[in-house]
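Chain by chain, the residues:
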Amino acid sequence: MNEANFDLVVVGGGAAGFNAALSCRARYPEKRVVLVDQEPEVGYYRTLLPMFMAGKLPEEKLFFWRPGEGMGLEVRTNVKVRSLDRQAKRLTLESGETLGYQCLILAPGGRPVVPPVFERSVTPDGVFPVRSLGVAREIKAWLLAHRDIVVLGGGLVGSKTSVFLRLAGFSVTLVEREAHILPTVLSANTARPLQRHLENMGVRVCTGTTIDRFKADAAGAVKAVRLATGEWVPCGTFLVGIGSTPDVGFIRETDLMRDGELVVSTTLQTVDPAIFAIGDAVAIQTPDGARAHPWTWPQAVAQGKLAGTNAFSASPRPLKRTTRVNAQNISGVPLMILGGPGVGSSIEARPGPGEGVWREFFLDDSRIVGGALVGDIAGAGPLHFTMANAEDVSQRVAGLLAPRTRAFRPSTWTRLGQSYRARNFAVKESTPC
Ligand SMILES: Cc1cc2nc3c(=O)[nH]c(=O)nc-3n(C[C@H](O)[C@H](O)[C@H](O)COP(=O)(O)OP(=O)(O)OC[C@H]3O[C@@H](n4cnc5c(N)ncnc54)[C@H](O)[C@@H]3O)c2cc1C
C-alpha cells in the first residue's frame, strides 16, 4: 500500500480548504502541505455557477487558480478520502493509498439535499443538483435542448439560478416550500418586493408548495413535475437547490462528531487540537455555548485563512465573527444579507422610499442578530460592525434603519424588470401559481 506523509493535509479544495492550504503555505513555507479533493478541479467560484450554466460567463472566468500557478501547493484532484484514523494520524483514500499528517484541516463542504420525491424512485434524466462545476457543465449541455426549467428551492442558490437562466431566455418556474423566497434570511415583507422583481422578469414563482411527483418520457427523461397543489408543470430540466448537508460521511465513525455535527471551537479546532474543520461542514461553538452555522462564501474564505495560520501556531487565534453577511445583486437590485433571524428575535423594519427599498433588522435583546438591506445597501459596512460587535442599538434603531439614498423611486424595480425583459428576451408572461 502506498503511504505518504505530510505536515498538513487539507481535505476539500473549495473556498475554505483552498484558502487554508494557501495561507498555511504563506505562513509556514517550510511545511509540506497537500490539498486533496474528489472533484476533477479546484480553485473555482462555486457562487458563479448559475451564471456559467446560463451561458453568461465563460468557463475560464470561473477559476481563481489553475494547476501550475505555483504558490507551492501540492494539489491532488479526483481523490476521495474514505476514512480517518485519528490514533495513527492517517487518512485512507478510495484508492487505498494513505496520507499521514501532523495537522489535518477538514473542509469537505456540503452535499446537496435530495428532495424526497427522488429518494423513493429512480431519478430521471434532466434532474440535477446545483452544486459542482462537473454537474454545472452537464446542466449547460442539457439545457441546449431542454429550455423549460423548474427550479426547486427559493433560497439563494435557487433564486440566483432562476434569475440567470431567465435572463438567458429560458422559461423558469421557481418552487419554494415556504410562503416566500429566501425564507431563512428575509422576512416576508422584505422578500415580497424581491419576489415581484423576479416575477417582473418573467420567472414564475410558486411559493407555499413543493413537488410531490414527476413524469418521465419513454427515454427516461423528466417531462413534468407535479406541485403539491395538484398542478402538473411541464419541464425538460429540473434543478434542485434546496440546501446542503455536511459531507462528513468519512469521519462519522470517529469521535469528532457531537450530536451529529462536526463542532469546532472559535479557533476552528475540533476536540482533537491537531484537527481543524472549516466551512459548510461545521458548526462553530461560540463562547456563549450557542452553535453557529455560517455557511457562506465569505465565511468559508475567512475560516480557511484563519485555519491555515492557526495550524502550526502555539496560540491559535479565535475567529472574529460568525456572522453570515452576504452581498448580492439580483439582476439590478442590490441586496445585503446580514443574517437570518435568531429564535425569538424581533423585526424592526423600514420600507421605502419607494417600493424597491427595504431595510430590516432582526433584534435580540437590543442587539442586531441579522437583517437585510434591499435596494439601498449604503452604510452596510458600519452596520455589519455594529452587529458583529453586539452593540446595544436600542437608542439608534431609527437612525440605523433610515435609508441612505433616495435613488429608488416607487416602481423602479418594475421598470428595471421590464427593461431587462425588453432587452434580453421575447416577452413571455409568467402565470401566477
Ligand atoms: C450555486 C451556488 C451559488 C452560491 N452562491 C453563494 C453566494 O452568492 N454567496 C455566498 O455567500 N454563498 C454562496 N453559495 C455557498 C458557498 O458557495 C459555500 O458556502 C462555500 O462554497 C462553502 O465552501 P466550502 O469550502 O466549505 O465547501 P465546498 O465549496 O462545498 O468545497 C468542499 C470540497 O470538498 C470536497 N470533498 C468533500 N468530501 C470529500 C472527500 N471525502 N474527499 C475529498 N474531497 C471531498 C468537495 O468535492 C468540494 O470540492 C453558493 C453555493 C452554490 C452551490
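Our subject is the structure listed above.
**Focus on the sheet that holds strand 12 (residues 211-216)**
Thought 1: With antiparallel pairing, the 3 strands of this open sheet are ordered in space as 12-13-14. The sheet is open, and its two borders are formed by strand 12 and strand 14 (232-234), each paired with just one other strand. The mean angle between the axes of side-by-side strands here comes to 25°, regardless of whether they run parallel or antiparallel.
Thought 2: Here 3 bridges tie strand 13 (residues 222-227) to strand 14, and the two strands are oriented antiparallel to one another.

**Points about empty space enclosed by the protein**
Thought 1: A full pass over the atoms with the stated rule returns 1 cavity of 30 Å³ or more.
Thought 2: Estimated volume of the largest cavity: approximately 80 Å³.
Thought 3: Taken together, G13, G14, A15, D37, E39, E41, V42, G43, Y44, R46 and W297 make up the full set of residues lining the largest cavity.

**A few points about the environment of L335**
Thought 1: Here L335 lies in strand 23 (residues 333-339).
Thought 2: Taking C-alpha positions, L335 is 16 Å from H180, a pair spaced 155 residues apart along the chain.
Thought 3: Residue contacts for L335: discarding those within four places in its chain leaves L182, L186, L194, N326, A327, Q328, I330, L373, V374 and I377.

**Focus: the sheet that holds strand 11 (residues 204-207)**
Thought 1: Judged by pairing direction, the sheet is parallel, and its 5 strands sit side by side in the order 8-15-9-10-11 without closing on themselves. Whereas interior strands pair on both sides, the edge strands pair on one side only; in this sheet they are strand 8 (127-129) and strand 11. Across the sheet, the axes of successive neighbouring strands diverge by a mean angle of 20°, strand direction being ignored.
Thought 2: Pairing analysis gives 4 bridges linking strand 10 (residues 171-176) to strand 11, with the strands arranged parallel.

**Considering the site of the ligand**
Thought 1: Taken together, 34 residues sit near the ligand, with D37, R46, R131, K160 and Q328 positioned nearest.
Thought 2: A distance of 2.7 Å separates an oxygen atom of the ligand from a polar side-chain atom of D37.
Thought 3: Between an oxygen atom of the ligand and a main-chain N or O atom of W297, the distance comes to 2.8 Å.
Thought 4: Coverage of the ligand by the protein amounts to 96% of the 1000 Å² it exposes when considered alone.
Thought 5: Elements that contribute at least two residues to the shell around the ligand include exactly helix 1 (15-27), helix 5 (156-167), helix 7 (297-310) and strand 22 (326-330).
Thought 6: Its residues assigned to classes, the shell around the ligand shows 15 nonpolar, 11 polar and 8 charged.
Thought 7: In terms of domain composition, the shell around the ligand takes at least three residues from each of domain 1 (3-42 + 77-111 + 245-310) and domain 2 (116-242).

**Digging into the nonpolar core**
Nonpolar side chains in soluble globular proteins tend to end up buried together.
Thought 1: One finds V9, V11, L104, L106, I251 and L262 to be the most contacted residues of the largest nonpolar core, which totals 53 residues.
Thought 2: With residues near it in sequence (within four places) discarded, I251 still touches L84, L106, L256, M257 and L262.
Thought 3: A136, W142, V333 and V374 belong to the second-largest nonpolar core, a separate cluster that totals 44 residues.

**Re the packing of helix 1 against helix 7**
Thought 1: Where helix 1 contacts helix 7, the axes come no closer than 7 Å and their chain directions differ by 30°. Accordingly, the angle class assigned to the pair helix 1 and helix 7 is roughly parallel. Helix 7 is crossed by helix 1, and the crossing has right-handed handedness. Between helix 1, through A15, A16, N19, A20, S23, C24 and R27, and helix 7, the contact on the second element is made entirely by W297, A300, V301, G304, K305, G308 and T309.
Thought 2: Broken down by class, the residue content of the contact of helix 1 with helix 7 amounts to 7 nonpolar, 5 polar and 2 charged.

Procedures and definitions
- Residues numbered from 1 in each chain as written.
- Predicted model: local features only at pLDDT ≥ 70, side-chain atom pairs only at ≥ 80, totals over all residues.
- Heavy atoms only, no water.
- Pairing = 2+ DSSP bridges.
- Helix = DSSP H or I, 4+ residues; strand = E, 2+ residues; numbered from the N terminus.
- Axes fitted to C-alpha atoms, helices over the stretch in contact; angles between N-to-C directions.
- 1 Å grid on protein atoms, 1.4 Å probe; cavity = no way out; pocket = protein on both sides within 12 Å on 5 of 7 lines; lining within 4 Å.
- Points joined across faces, edges and corners; volume = space filled by probe spheres on them.
- Contact = heavy atoms within 4.5 Å.
- Near = heavy atom within 4 Å.
- Polar contact = N/O pair within 3.5 Å; in protein donor to acceptor, adjacent residues only side chain to side chain.
- Areas by Shrake-Rupley, 256 points an atom, 1.4 Å probe, with all protein chains shown as cover.
- Nonpolar A, V, L, I, M, F, W, Y, C, P; charged D, E, K, R; others polar.
- Domains from an automatic or database assignment.
- Core = buried A, V, L, I, M, F, W, Y, C linked by side-chain atoms within 4.5 Å.
- Buried < 20%, exposed > 50% of the residue type's maximum accessible area, 1.4 Å probe, protein only.
- Parallel < 35°, antiparallel > 145°, perpendicular 65-115°, else oblique.
- Left-handed = near helix turned anticlockwise from the far one by under 90°.

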